[in-house]
Amino acid sequence: MISLRACAASLVLVGAIFATHVVKPQESAGLQRPLREFPSAIGAANGEDHPFDARVVETIGADDYINRAYVSGTPPVELYIGYYKDQGSGDKIHSPKNCLPGSGWEPVHSTSVQIGTINGAPLLVNEYLVAQGTRRDMVLYWYQTHGRIIASEYWAKFWLVADALKHRSTDGAIIRIWTTAADGEEAAQARAVDFATRVYPQVAGFLPN
């Protein structure tokens, strides 16, 4: 018997195809400010830009992005923000859930973690502990658009459909935070969550309303 979750996922996928191919979206006005103007200091950490090479930029297909390492007295935290004006078929944003194994990182475990609240409701994002050989790293990521922060790929697709139908817009962003877990999983999680708590409100100031 086909599960309810599988049916729901299929309906969302069909809706995404309809919304992004049949309903012609208007081109987004784009970011309020270019991402290169994102704060170079977060808390006590200062950012160092690590731009991707041309091949990687072409692969990710983002209209604007930053890739930075924020360094302080603790292990660095890497921040990637990729913004897409038009997600087209709905699969332009590459989910770390799929990309990490393809680049040699295997998930040790995954869960969701709270980085704040919105109107009293917990604000949850994805948390992955990943491994490559003996190395362990902590990764947080989420999707952010039109005042929403979304962890689930299914809900990201749902809102893509809703925005395409209501606003004729399919823009969106993915935010990924990465840090070593060499000093322990709890320390890595605390560092990543603290950084995410500082970052997400500032991202909203760059994205379209």
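Within any chain, residue numbers begin from 1 and follow the written order of that chain's sequence. In view of the model being predicted, local features appear only for residues whose pLDDT reaches at least 70, and side-chain atom pairs are presented and counted only at 80 or more, with totals across whole chains, interfaces and linings using the full set of residues. The basis for every side-chain value is the complete set of non-hydrogen atoms in the structure, without hydrogens or water.

The next subject is the packing of aromatic side chains. Two aromatic rings from Phe, Tyr or Trp, using only the six-membered ring of Trp, form a pair when their centres are within 6.5 Å; if the ring planes differ by under 30 degrees the pair is stacked, by over 60 it is edge-to-face, and anything between is tilted. By the definition in use, this model includes eight aromatic pairs. Geometrically, the ring pair formed by Tyr-70 and Phe-195 is tilted, given 5.2 Å between the ring centres and 55° between the ring planes. In this pair, Tyr-70 is assigned in strand β3 (residues 64-71) and Phe-195 in helix α5 (residues 185-204), connecting sequence segments 125 residues apart. As far as the burial class goes, Tyr-70 and Phe-195 line up, both buried. A ring pair is formed by Tyr-128 and Tyr-141, whose centres lie 6.1 Å apart and whose planes are at 35°; its orientation type is tilted. Of this pair, Tyr-128 sits in strand β6 (residues 121-132) while Tyr-141 sits in strand β7 (residues 135-145), placing them 13 residues apart in sequence. Each member of the pair, Tyr-128 as well as Tyr-141, carries the same accessibility label: buried. Comment: the charge-over-ring label is applied if NZ (Lys) or CZ (Arg) is within 6 Å of the ring centre and within 35 degrees of the ring normal. The aromatic ring of Phe-206 is capped on one face by Arg-33, whose charged end is 4.1 Å from the ring centroid. Think of it this way: any DSSP run of H or I at least four residues long counts as a helix, any run of E at least two long counts as a strand, and we number them from the N terminus. Each residue's exposure class comes from its accessible area (1.4 Å probe, protein chains only) as a fraction of the maximum for that residue type: buried when under 20%, exposed when over 50%, partly exposed otherwise.

So, on to unusual backbone geometry. Here Asn-119, not a glycine, exhibits a phi torsion of approximately 55°, which is positive. Structurally, Asn-119 can be placed in the loop between β5 (106-118) and β6. In this model, His-146 sits at a positive phi of 50°, which is unusual for a non-glycine residue. Note that His-146 resides in the loop between β7 and β8 (148-150).

Time to look at the pairing of β7. Of all eleven residues in β7, nine are buried, a share of seventy percent or more. Any two strands between which DSSP finds at least two bridges are classified as paired. As paired strands, β6 and β7 are joined by seven bridges and run antiparallel to one another. Within β7, the position partnered with Gln-132 by the bridge is Arg-135. Two successive antiparallel strands, β6 and β7, enclose a turn made up of two residues, where Gly-133 displays a positive phi of approximately 65°. The pairing of β7 with strand β9 (residues 172-180) spans eight bridges and is classified as antiparallel. Note that in β9 the partner of Tyr-141 across the bridge is Arg-176. Here β7 runs beside β8; their pairing, made up of three bridges, is antiparallel. Across the sheet, residue Tyr-143 finds its bridge partner in β8, namely Ile-150. Hairpin connection of β7 to β8: two residues between the antiparallel strands, including His-146 at a positive phi of 50°.

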